[in-house]
There are 2 protein chains.
Amino acid sequence: MVDNKGDATKLHLIMVGAELIHQQGFNNTGIAHILKKAEVAKGSFYFHFTDKEAFGLAVLDHYVERMKSIIQPIFMDDTLSAVDKLFAFHEKFLQIFTELNFSHGCLIGNLSQEMSDISPVFSKKISAILNSLTFAFQKVIEQGIANKEFNSTLEPVYSAAFLVDSWEGALLRMKVQKSAQPLENWFVFVKEILIKK
Amino acid sequence: MVDNKGDATKLHLIMVGAELIHQQGFNNTGIAHILKKAEVAKGSFYFHFTDKEAFGLAVLDHYVERMKSIIQPIFMDDTLSAVDKLFAFHEKFLQIFTELNFSHGCLIGNLSQEMSDISPVFSKKISAILNSLTFAFQKVIEQGIANKEFNSTLEPVYSAAFLVDSWEGALLRMKVQKSAQPLENWFVFVKEILIKK
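None of these values were measured; they are calculated from a predicted model.

Draft legend 1. Expanded view of the overall build of chain A. Each helix and strand in chain A was counted, giving 9 helices and 0 strands. Reading the helices (α) and strands (β) of chain A from amino to carboxyl end gives α-α-α-α-α-α-α-α-α. Here chain A, with 197 residues, has 56% of them falling under the buried criterion. By sequence separation, contacts in chain A at least 24 residues apart represent 66% of the contacts at least 6 residues apart. Carbon and sulfur atoms make up 56% of the accessible area of chain A, which totals about 8,900 Å².

Draft legend 2. Just unusual backbone geometry, in detail. Here His-104 of chain A, not a glycine, exhibits a phi torsion of approximately 70°, which is positive. Its location among the elements puts His-104 of chain A in the loop between helix H5 (82-99) and helix H6 (107-115). On the basis of relative accessible area, His-104 of chain A is assigned to the buried category, the value being 7%. Phi at Asn-101 of chain B takes a positive value of approximately 55°, unusual for a residue other than glycine. The topology assignment puts Asn-101 of chain B in the loop between helix H5 (82-99) and helix H6 (107-115).

Draft legend 3. Up close: the pattern of salt bridges. All names here are of chain A. Evaluated as defined, the whole model comprises 10 salt bridges over all chains. The residue Glu-65 makes a salt bridge to Lys-68 at a minimum N-O spacing of 3.8 Å. Taken together, the positions of Glu-65 and Lys-68, both in helix H4 (residues 52-75) and 3 residues apart, correspond to about one turn of that helix. You can call Lys-68 partly exposed: its relative accessible area is 34%.

Draft legend 4. Focus on the relation of the copies chain A and chain B. Least-squares fitting of chain A to chain B yields an RMSD of 0.0 Å, with the superposition described by an axial translation of 0.0 Å and a rotation of 180°. The superposition operator between the copies reduces to a two-fold rotation axis.

Draft legend 5. Representation of the interface of chain A and chain B in the model. Between chain A and chain B, the residue contacts involve 43 residues of the former and 43 residues of the latter. Carbon and sulfur atoms supply 57% of the area buried between chain A and chain B, which totals about 3,800 Å² over both sides. In this assembly, chain A and chain B are joined by 4 salt bridges. The partner of Asp-165 of chain B in a salt bridge is Arg-173 of chain A, and the shortest N-O contact between them spans 2.8 Å. Connecting chain A to chain B are 16 residue pairs in polar contact (both at pLDDT 80 or more). Secondary-structure elements contributing two or more residues to the side of chain A that touches chain B are H6, helix H7 (120-146), helix H8 (156-177) and helix H9 (181-195) of chain A. For the side of chain A that touches chain B, the class distribution of residues is 14 nonpolar, 20 polar and 9 charged.

Parameters and conventions
Residues numbered from 1 in each chain as written. Chains lettered and ligands numbered in written order. Predicted model: local features only at pLDDT ≥ 70, side-chain atom pairs only at ≥ 80, totals over all residues. Heavy atoms only, no water. Helix = DSSP H or I, 4+ residues; strand = E, 2+ residues; numbered from the N terminus. Buried < 20%, exposed > 50% of the residue type's maximum accessible area, 1.4 Å probe, protein only. Contact = heavy atoms within 4.5 Å. Areas by Shrake-Rupley, 256 points an atom, 1.4 Å probe, with all protein chains shown as cover. Salt bridge = Lys/Arg side-chain N within 4 Å of Asp/Glu carboxyl O. Least-squares fit on C-alpha atoms with pLDDT ≥ 70 in both. Buried area = accessible area lost by both parts, 1.4 Å probe. Polar contact = N/O pair within 3.5 Å; in protein donor to acceptor, adjacent residues only side chain to side chain. Nonpolar A, V, L, I, M, F, W, Y, C, P; charged D, E, K, R; others polar.

Spatial relationships are all this shows, so hold off on functional conclusions.
Given below as structure tokens:
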């Protein structure tokens with residue numbers, strides 16, 4: 001049975017691991033490094049996680065919960081128009097990445113690139129996460145079409161997938177250029193695609 | 001002085017390394033693994049490359065030359081319209097990734113994600129490569145505008161950057177889903193953005 005102290009250690013390990021993996025990749029982050037930075041003993045790590053893969057999946061879950069806690073209050077806000085929701089999403093993540101000096105990128109995109117050819121378990125989980133993010137955008141696009149903010153010929157699910165994919169691509173370029181410009185450019189084209197007459 | 005055999009060994013190392021790095025990432029690929037697969041001695045590796053970073057940069061150069069040898073004959077073909085060039089680009093890479101079972105992704109995108117926070121040398125090189133790819137697309141977009149195939153209100157350099165970034169994002173999703181669908185969806189929106197009235 002895991003007591004409160006055990007749960008706190010588990011969360012601490014996940015948070016330290018998330019930071020390291022987000023920064024330098026999953027394969028490039030050894031358990032020894034995580035333990036050292038977290039100041040936690042090896043036995044405690046293996047008490048909470050069967051192996052590094054299980055740990056990585058827990059880190060991914062933790063990251064998705066943080067993403068949800070940012071996106072849901074925006075996308076679920078009934079007082080916002082669809083355009084306002086997309087604008088608020090863009091502004092919020094621009095602020096987050098500006099504070100990180102345009103480093104890190106999106107952990108989901110990073111792990112897509114790094115893990116999807118070498119771990120079917122990661123791949124399946126990341127695919128479900130991307131579908132869920134796409135679904136969140138789809139709902140906003142449907143709202144925008146219903147309220148005549150957006151072009152009615154759009155197919156919400158495909159438009160949403162393109163928005164998510166192009167956002168991940170813009171984050172890649174942001175990381176390389178260390179600049180907000182790719183994200184700003186992304187938003188220009190998002191409006192162009194959705195709002196066009 | 002490097003003799004022909006030395007040059008052949010160097011190219012062999014680069015080709016084996018390119019395959020491994022493309023497949024499993026730079027940090028995840030040890031020199032020992034490359035040497036074993038290439039059946040080359042350690043001394044020979046260090047005769048040709050000062051360190052693993054220098055090797056990685058040579059692999060990137062090699063990959064860019066391969067990309068150029070695919071893209072230039074299409075984009076420089078004076079008999080093709082701008083739409084035909086983009087269609088031929090899309091079809092060619094779709095074929096390449098289909099043959100790879102939608103694995104690997106783009107080495108430039110992969111290394112953007114993996115290296116741009118941890119190696120300024122890689123980052124600078126990748127940024128220049130992405131700018132050069134963007135410039136190639138920009139020329140095609142300018143042709144399309146001049147020939148009234150594309151919307152004249154487009155700003156070629158920003159449209160080109162968005163095309164490149166969204167293509168890299170589509171390749172990420174392709175790798176996760178192991179499907180052509182994200183690339184097909186990318187091309188639908190490329191046409192939507194460029195050809196819209």
